[in-house]
Each structure stands twice: as structure tokens, then as C-alpha cells.
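One letter stands for each residue in the lines below.
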Amino acid sequence: MQFIAMQARHWSSRRTGEKNVRIRKDIKQMLIIPDKIKQYLPDEGYRLDQIGMSDSSVLLFRDRILKVQKNTKEAENEYRMMEWLHDRLPVPKVYARELQDNMSFLLMSKCPGEMACAEKYMSNPVLQTELLAQGLKSLWKTNISGCPSDQRLRFKLEEARFNVEHNLVDVENTEPGTFGENGFADPQALLSWLYENQPEEEPVLSHGDFCMPNLFFDDGEIHFIDLGRAGIADKWCDIALCYRSLTHNYDGSYGGRSYPGADANLLFQKLGLAPDWEKIRYYILLDELF
């Protein structure tokens, strides 16, 4: 009988990928790998991925990855979207998925290349933003007819309401000024504001968490991972989270090293778009409730 040591990481936010996270607690437990998964595992050791903010464990093998997490709506959506996207965009290939004891075991291929926040790209913001813009445009060019996931506001705000009503929002790990004296009184006040100020949406295929650790660059090609929030949504959702990711990686909030002279606004030049600051603020605030 084969086991894995699972380290279930409970983070102070669900914003994936950024490196300045505070770990609340680690829970170690032994999990039996389902036979359906075990038959595809290479006979080699693995290491546990330490980058990420999702409530999951990621086991890294030489050429594949095993992601173990609770079987949530987001886990179901990730599998569904990876299957739908496999011949549309560069996403991991699914070898097998199995549910056991309310846990999801997803075995997939490892993406080639390096994360968008690797040093070679952080030190070259012109190339970095060119590739990020290329990734966004490739999403937008994808035909959304038949897309199995709708992440537009009428659904996303209901998920945010659930998080607020079940006290799942960590107000201590949000953007400065979101809550407190000059911000919203509490998550319920923010939720009410989001309902009252919904922008007009420009529906495209959205990654849903377009942060740099969820993107791999390989010789000019962009690969997408962590697709649990992917689906049809406003194009500015991904732009907003990409802009935030760039900003905080450049200023050292994520990663611990700053890059003087690097400017996240270069992203808009590469996209050929004027920034819509109202929408950018809206989608960053919406993400505070997840």
C-alpha cells in the first residue's frame, strides 16, 4: 500500500502564488494514493512545492505533478477547465483524477519553462510584460462558446457572499486600506459596495487568477496552471490581478526583493490599452473576499 505525506497548507489568503504569505498552521497527515493515480506515478522521489497560497498540497515529480486538495467547487472547475482547454491553450495534460475521502487527486504533466516571476524575467520587465500581454491576448482570442465555467459577476458575487457569511475572509491579509479607518468597515460593507457598483463586463476566457506564479514562460510560449477560477469573465479581472502581481513583485512586497525602475504600467503599453482604473480597483477589491 502506497502512502504520501500530505502537508495541508492553510494560508491567510487564497491569492495564489505570491511569496510573502504567512502560514497559519501546517497539518501533516498520511494519505493513501488511489490505485488509479498510483499506476501513473513514476518510480521516483518527489518534493513538495512551497510556492502557492491554495489550500492544497502539490507533489513535484520530474515530469509530472500530483495536486491533492479537498474536493471543492474550485477543484472540480480546475479539472473541468483543463479538460476543455487541452487542445485550445497550453495547459497541463491530465493523466488521471480520482476522488477519495472527499479529497481530489489530480495527476498532470509539469509545464516546461520557468515561472513569470523567475529572476530572468523580473530583471527584464520589458520582456516580462510582453509575455504577460501575450498570455492575456491568447486567452481573449479563445472562443468561449461551449466553455463549461461561467465566472461572471452574477456568479462570482454569490461565491463572495458565501465567504462573507461563513467568515472565510481574512481581513488581516488584504491590500493596505481595504479595511479600517479609511477603507470598508468590514467584509459585508465591501460586499455591499461590490453589488452596488458592478461594472459593465467584457466577457472573454479568463484565467481567474492571472498572477505570475500561475504562468510559465518557455521559449516565448505561455503555459497556464492553477485554473480553478478559470471561465468566462470580464477581461479586466485578469488585467487587474496581473497588475497587482507585477506591482508587488516589483516593489518587493512579494519575493522580498525590489526592482527599482520597473513599472507595472508597462503592461498597458504592451496590451495597447488605456488602464481602466475603476475596473482594476473593483476586481482587486472583489479578490479580497476570496
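Residues numbered from 1 in each chain as written. Predicted model: local features only at pLDDT ≥ 70, side-chain atom pairs only at ≥ 80, totals over all residues. Heavy atoms only, no water.

Undergrad: It is not clear to me how the pattern of salt bridges should be interpreted in this structure. Could you clarify?
TA: A side chain of one charge can pair with a side chain of the opposite charge if their charged atoms are brought near each other. Applying the stated criterion to the full structure yields 22 salt bridges. Linking Lys-36 and Glu-98 is a salt bridge whose minimum nitrogen-to-oxygen distance equals 3.9 Å. With Lys-36 in helix α1 (residues 35–38) and Glu-98 in strand β6 (residues 94–100), the pair connects residues that are 62 residues apart, well separated along the chain. Accessibility expressed as a relative area gives 39% for Lys-36, which makes it partly exposed. Glu-98 sits in the partly exposed class, given a relative accessible area of 26%. Between Arg-229 and Asp-287 there is a salt bridge, and its shortest N-O distance comes to 2.9 Å. Of this pair, Arg-229 sits in the loop between β11 (221–224) and β12 (231–234) while Asp-287 sits in helix α9 (residues 277–287), and the two are 58 residues apart along the sequence. The network of salt bridges with common partners includes Glu-44, Arg-62, Asp-63 and Arg-64. (Salt bridge = Lys/Arg side-chain N within 4 Å of Asp/Glu carboxyl O. Helix = DSSP H or I, 4+ residues; strand = E, 2+ residues; numbered from the N terminus. Buried < 20%, exposed > 50% of the residue type's maximum accessible area, 1.4 Å probe, protein only.)

Undergrad: Got a minute to help me understand α9 in this structure?
TA: Residues separated by three or four positions in an α-helix point in the same direction, a consequence of the helix having 3.6 residues per turn. For α9, the tally of buried residues reaches eight of 11 residues, placing the bulk of the element in the interior. By the burial criterion, the buried members of α9 are Lys-279, Ile-280, Tyr-282, Tyr-283, Ile-284, Leu-285, Leu-286 and Asp-287. Packing partners of the buried residues in α9 comprise α5 (153–165), α6 (187–196), β12, α7 (235–250) and α8 (266–271). (Contact = heavy atoms within 4.5 Å.)

Undergrad: When you look at the sheet that holds strand β5 (residues 64–70) in this model, what are you seeing that I'm missing?
TA: Note on sheets: strands pair through backbone hydrogen bonds, and any given pair is parallel or antiparallel. Ordered in space as β3-β4-β5-β7-β6, the five strands form an open sheet in which the pairing is antiparallel. Two strands in the sheet have a free side with no partner beyond their single neighbour: β3 (47–48) and β6. Here β5 runs beside strand β7 (residues 103–109); their pairing, made up of seven bridges, is antiparallel. Across the sheet, Ile-65 pairs through a bridge with Met-108, a residue of β7. Lying over the sheet, helix α2 (residues 73–85) contacts β5, β6 and β7, oriented at roughly 155 degrees with respect to β6. (Pairing = 2+ DSSP bridges. Axes fitted to C-alpha atoms, helices over the stretch in contact; angles between N-to-C directions.)

Undergrad: What exactly am I supposed to notice about the nonpolar core here?
TA: Here is a general trend for soluble globular proteins: nonpolar side chains tend to be buried in one another's company. In this structure, Leu-132, Phe-224 and Leu-289 are the most contacted members of the largest nonpolar core, which totals 71 residues. If one sorts the elements of this core by residue count, α7 sits on top with eight residues. The residues contacting Leu-289, other than those within four sequence positions of it, are Ala-160, Asn-163, Val-164, Val-169, Pro-187, Leu-190, Leu-191 and Leu-194. Counting residues in hydrophobic clusters, the runner-up holds 13 residues, among them Leu-31, Leu-41, Ala-96 and Phe-105. (Core = buried A, V, L, I, M, F, W, Y, C linked by side-chain atoms within 4.5 Å.)

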